[in-house]
Amino acid sequence: LGDPASAEHKAVAEMLLRTARHDANPRIRAEAVMSLNLSELGGSDGQTLLEVLRTDADEDVRATVAGILPHASGVAAETRLSGMEGQYAKETSTMVRRMLLGSIVQLGGARSQPILARLKGVDPTFAKDIDEYLGILESGVTDGMEIEMKKAALSDGAALPGSDR
């Protein structure tokens, strides 16, 4: 018969995804995205999130989706990375691009290096950020939180322990 709790979770996820795609209020769309239980999303749900990332007119909604994609474990990492790379290339919002870069690195770790290399020429505004991420990844750091801490330290101009800066 199936687990009733699982069916209920699926129904809630479907309702939230519908809201994220169709509600007229961008704040409600962003809240719907943040309310998703990301570990229970399936492949088609991930495609829906990527569709929202590609098509939503509101940059806050797109940034919210970009920020949660690394945590949507029910969706193949390669699918999420590919979708974020494609969106970065056509994204017009600096805020969303910044979120996409962090999410690509957080999700992909060392696997994100070729993606970052491809994205480096897209927007000169982020060339320094991409170089910093590449340097951190090349140093062998793989933990997402540690990567972000080192990146924040570099962005603030602080010297990293063991670095020449």
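Residues numbered from 1 in each chain as written. Predicted model: local features only at pLDDT ≥ 70, side-chain atom pairs only at ≥ 80, totals over all residues. Heavy atoms only, no water.

1. Examining the overall build of the protein chain
What counts, and what does not: Secondary structure follows DSSP: runs of H or I at least 4 residues long count as helices, runs of E at least 2 residues long count as strands, and numbering of each begins at the N terminus. The rule is simple: take the accessible area with a 1.4 Å probe, protein chains only, and divide by the maximum for that residue type; under 20% is buried, over 50% is exposed, in between is partly exposed. Contact between two residues is taken to exist if any of their heavy atoms lie within 4.5 Å; hydrogens are not considered. Computed with the Shrake-Rupley method and a 1.4 Å probe, the accessible areas treat only the protein chains shown as cover for residues.
Assigned secondary structure in the protein chain consists of nine helices and zero strands. Counted from the first residue to the last, the protein chain has its helices and strands arranged as α-α-α-α-α-α-α-α-α. Counting the 165 residues in the protein chain, one finds 44% classified as buried. When contacts within the protein chain are restricted to residue pairs at least 6 apart in sequence, those whose partners lie at least 24 apart make up 55%. As displayed, the protein chain has an accessible area near 8,600 Å², and 53% of this comes from carbon and sulfur atoms.

2. Some thoughts on the pattern of salt bridges
For clarity, the threshold we go by: Salt-bridge detection follows one rule: a side-chain nitrogen of Lys or Arg within 4 Å of a carboxyl oxygen of Asp or Glu.
Using the criterion set out here, one finds 11 salt bridges in the structure. R21 is paired through a salt bridge with E51; the nearest N and O atoms lie 3.2 Å apart. Here R21 is found in helix α1 (residues 4-22), whereas its partner E51 is found in helix α3 (residues 43-55), with 30 residues between them in sequence. When its relative accessible area of 37% is taken as the criterion, R21 is described as partly exposed. When the shortest N-O distance is used, the salt bridge between K151 and E132 registers 2.7 Å. One end of the pair, K151, is in helix α9 (residues 144-155); the other, E132, is in helix α8 (residues 127-138), with 19 residues separating them in the sequence. You'll find K151 and E132 in the same group, each marked buried. Via salt bridges that share partners, R98, K128, D129, E132 and K151 belong to a single interconnected network.

3. Things to note about the confidence of the model for the protein chain
For the record, the criterion: One confidence number per residue, pLDDT, is output by the predictor and ranges from 0 to 100.
When pLDDT is averaged along the protein chain, the result is 87; 89% of the residues meet or exceed 70. Summarising per-element confidence for the protein chain, the mean pLDDT is lowest in α1 (82) and highest in helix α7 (residues 113-119) (96). Contacts for the low-pLDDT stretch residues 159-165, under 50 throughout, to residues beyond four places or in other chains number seven contacts.

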